[in-house]
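Notes for the structure review
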Amino acid sequence: MTFTSVRTLLVLTAQLDRTRFIKAALLLLARYLAAPLIAVGLATFVDATLAENVGRAAVTGALLAAFIIIDLTFERFAHLYYFELGELTQATLNARLFQAANEDTPAERREQPDYADRLQLAREGLEQTINALHSVLQFCGLTIQLAITTWLLAAQQPLLILLPALTLSLIGAGHLAHRIEKQAQERAAQHARQYNHLVELATFSSTTLMELQMLGLEEAVVGRKRQAWERATAITGRGRIYSALVQSAGQLVFVSGYAGALFLIVRDVAGGRASVGGLILVLTLALQLSVQVTAFAALFGSLQRFGVTIDHMQWLSRPSKPQAGAVAASDSGTPDGPRAGPAVIAQEPDMGAADPDPAARPGIRLEQVGFRYAGRDRPALEEVTLEIPAGSVVALVGENGAGKTTLVKLLCGVYTPTSGRIVYPDQRVVDQTTGTGATRDRVACMFQDFARIQLSVLDSVGVGSIERRSRAAVETALSSAGVTELVDRLPDGVDTILGQRYEPGHELSGGQWQKVALARTLMRPEAELTVLDEPAAALDAASEHALFERFAATARETRARLGITLFVSHRFSTVRMADFIVVLQGGRVIQCGSHSELMAIGGLYADLYRLQASAYQ
């Protein structure tokens, strides 16, 4: 793991800026070569002085001064290069982590606790990239320095070659101590994440802070935050104590060997087998060696910690494995198609003679689709078989927890089915063996927990379609979402910054944020599938009515090009607008049809509709 981090950093930094990397490496190499040369120069200077060789002493003294200057100053010059290089490397690794955690990872995997733990540890570790790069360069320089020091010591007394070998006790102890500390950090990660969440909850979010104050929960949150912090620090504190004890044992072994080395050289000088300069050389090298070994062990631990960060990043970048319960997927179908079983096939809606023929283009077909969240015993969806015709407006209905949002995320390509498959209009198939990336580009969706992107209106809406992003396209989307009047009242129009998290901007109400999110969704007017998950949840009655008038017009435009519009709503006055209604219960489709058909046959839909209607009456 340590050498993986060394290799990764050296290769990456050399690729990013070879010139700056070479300059930093050469300056540090010169600095680390200077230290043993100072010991040799000092020994030579002492012998020349005792022999009254003035010329040799003068030349040696001048070289000694030069070596001292190099030792004291060259690392400062190297810092100018490796610090900037470290910042560039950190930015690159952060970009890779961002890509691994977003573009390359399915949502169901990102939601798993072990993934969240690894992601937090990787983010924290990457903050030490600059120090890690410095450690790598120092590690390489110290390796060369230790080799030279060992050779010089062996030249004076062969038994002294054993002294550097005692560094293994320090390195081994450091490795074990680091492993103990790492395990403690991993055990404490859950409590640390809870602490960070509570800090953000009670500090950065004005809306949640107001709610906490209204409920009188400030003290409770502070107490829970303190409890999470105490648990995390108790675990890591014990790990640090055990780590320190192990490192102390390794240092004791080395100090014992160092005392034995001093005894050997003093004996040789007393016996006339070594000169005074030789004694000075060994004493200086031995002192340097103790510093070198201590630094080497510390660097080894630092590189191990960064190696853990690299390991976390590699783990985060690995393709996800099928979730538990995925075996059922292979049992739910045959090479020729899905097995026979409970099926609900959507009837084609009556769209009128003016609409194009739906048969001219296939819709979306779900075949025995199931999905199970990691760590859950029961599936969120099971054996869902549907055929959604092209050009239809479909509503998903069901009580909370019925599986509506899960089904929406499967259709949008956010999740991959753990059983069955989804076939799209162009015959693309999404199942356990395929990716969902190509699906997302053809879908426009607004989820119930929509993003509040605190950038300018132009950017917050424009990111809905980077390819089409322009002022004209954004203004069209704003108009379709009914946000034009709101934007016109803003200080800088579409250039107004929304929110106040990063800089003073204009804060919006929940309903206004939802309209902005809807405009972002409408930036993809040519989408094969347009999905709105609870699109009117934060709107007042007048805004809701206006929204669905626009929604109906958008659906008609989508129908004209045989696109599919799907929405989730608990408001049955809206649901009855749909051509086709799908009723979910316990992760299964139990009813489907038009409003009139479902009211005629009775059952859950009719019961829910009458219950809501009676409340309004």
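Our subject is the structure that appears above.
1. Re the overall build of the protein chain
Along the protein chain, the regular secondary structure elements total 22 helices and 12 strands. Residue burial in the protein chain is summarised as follows: out of 617 residues, 46% are buried. Accessible surface for the protein chain amounts to roughly 30,800 Å². Of this, 57% is attributable to carbon and sulfur atoms.

2. Side note on helix 13 (residues 404–411)
With seven of eight residues buried, helix 13 is to be regarded as a mostly interior element. Taken from the residues just after helix 13, Gly413 is the one with a positive phi, measuring 85 degrees.

3. Some thoughts on the nonpolar core
Of all hydrophobic cores here, the largest spans 49 residues; its most connected members are Tyr82, Leu137, Phe139, Leu153 and Phe306. Put simply, the parts of the chain that give this core at least two residues each are helix 1 (2–16), helix 2 (18–50), helix 3 (54–101), helix 5 (113–126), helix 6 (129–156), helix 8 (167–203), helix 10 (218–270) and helix 11 (276–317). Looking at which element gives the most residues to this core, the answer is helix 11, with 14 residues. Ranked by size, the runner-up nonpolar core spans 41 residues in total, among them Val393, Met446, Val474 and Val516.

4. Brief notes about the packing of helix 3 against helix 6
Where helix 3 meets helix 6, the axes come as close as 8 Å, and the angle between the chain directions of the two elements is 130 degrees. Comparing their axes, helix 6 and helix 3 come out oblique. Helix-helix and strand crossings are classified by hand; for helix 3 and helix 6 the assignment is right-handed. Between helix 3 and helix 6, the residues in contact are Glu75, Tyr82, Phe83, Leu85, Gly86, Glu87, Thr89, Gln90 and Leu93 and Thr129, Ile130, Leu133, His134, Leu137 and Gln138, respectively. When grouped by side-chain class, the residues that make up the contact of helix 3 with helix 6 number seven nonpolar, six polar and two charged.

5. Here we look at the environment of Arg524
Of note, Arg524 is situated in the loop between helix 18 (510–521) and strand 9 (529–533). Arg524 gets classed as partly exposed once you look at its relative accessible area, which sits at 26%. In this structure the C-alpha to C-alpha distance between Arg524 and Gly464, which are 60 residues apart in sequence, comes to 7.0 Å. Reaching out from Arg524, the side chain makes a polar contact with the backbone oxygen of Gly464 at a distance of 3.0 Å.

6. Observations regarding the sheet that holds strand 3 (residues 364–371)
Sheet architecture is open: four strands sit in the order 4-3-6-7, paired in antiparallel fashion. Each of the sheet's edge strands pairs with one partner strand only, and the pair in question is strand 4 (381–388) and strand 7 (429–430). Alignment of strand 6 (residues 419–423) against strand 7, held across two bridges, turns out to be antiparallel. When the sheet's bridge partners are listed, Val423 is paired in strand 7 with Val429. Contacts from helix 13 reach strand 3, strand 4 and strand 6 within the one sheet, and its direction differs from that of strand 3 by about 125 degrees.

7. Some words on the side chain of Ser460
Relative to the assigned elements, Ser460 resides in helix 15 (residues 457–462). Setting aside its immediate chain neighbours within four residues, Ser460 contacts Ile453, Leu455, Leu498, Val516 and Arg520.

8. Remarks on a nonpolar patch on the surface
Nonpolar side chains collect at one region of the surface, where Leu33, Leu37 and Ile144 lie side by side and expose about 210 Å² of accessible area between them. The partly exposed category is assigned to Leu33, whose relative accessible area is 30%.

9. Thoughts on the sheet that holds strand 11 (residues 580–585)
Strand order in this open sheet of six strands is 8-9-10-5-11-12, and the pairing throughout is mixed. What marks the edges here is a single partner per strand, and that holds for strand 8 (443–446) and strand 12 (588–593). Between one strand and the next, the sheet's axes are offset by a mean angle of 15 degrees, whatever the strand orientation. Sheet topology places strand 5 (residues 393–397) next to strand 10 (residues 564–568); four bridges connect them, and they run parallel. Following the sheet pairing, Val393 is matched in strand 10 by Thr565. Strands strand 8 and strand 9 of the sheet are contacted by helix 18, whose axis makes an angle of about 175 degrees with strand 8.

10. Examining the packing of aromatic side chains
Going through the model one piece at a time under the given rule, you end up with seven aromatic pairs. Between Tyr195 and Trp229, the aromatic rings sit 5.0 Å apart at their centres with planes inclined by 45 degrees, giving tilted as the arrangement. You can see Tyr195 sitting in helix 8 and its partner Trp229 sitting in helix 10, a full 34 residues away along the chain. The aromatic ring of Tyr32 is capped on one face by Arg31, whose charged end is 4.7 Å from the ring centroid.

11. A few points about the pairing of strand 5
Counting buried positions over the five residues of strand 5 gives five, a clear majority of the element. Burial along strand 5 is two-sided: the residues Val393, Ala395 and Val397 and Val394 and Leu396 are all buried. Sheet analysis places strand 5 next to strand 11, joined by four bridges and oriented parallel. Of the residues in strand 11, the one forming a bridge with Val397 is Val583.

Cut-off values and rules
Residues numbered from 1 in each chain as written. Predicted model: local features only at pLDDT ≥ 70, side-chain atom pairs only at ≥ 80, totals over all residues. Heavy atoms only, no water. Helix = DSSP H or I, 4+ residues; strand = E, 2+ residues; numbered from the N terminus. Buried < 20%, exposed > 50% of the residue type's maximum accessible area, 1.4 Å probe, protein only. Areas by Shrake-Rupley, 256 points an atom, 1.4 Å probe, with all protein chains shown as cover. Core = buried A, V, L, I, M, F, W, Y, C linked by side-chain atoms within 4.5 Å. Axes fitted to C-alpha atoms, helices over the stretch in contact; angles between N-to-C directions. Parallel < 35°, antiparallel > 145°, perpendicular 65-115°, else oblique. Left-handed = near helix turned anticlockwise from the far one by under 90°. Contact = heavy atoms within 4.5 Å. Nonpolar A, V, L, I, M, F, W, Y, C, P; charged D, E, K, R; others polar. Polar contact = N/O pair within 3.5 Å; in protein donor to acceptor, adjacent residues only side chain to side chain. Pairing = 2+ DSSP bridges. Patch = residues over 30% accessible without salt bridge, like charges linked within 9 Å, V, L, I, M, F, W, Y side chains within 5 Å. Salt bridge = Lys/Arg side-chain N within 4 Å of Asp/Glu carboxyl O. Phe/Tyr/Trp six-rings, centres within 6.5 Å; stacked < 30°, edge-to-face > 60°. Lys NZ or Arg CZ within 6 Å of the ring centre and 35° of its normal.

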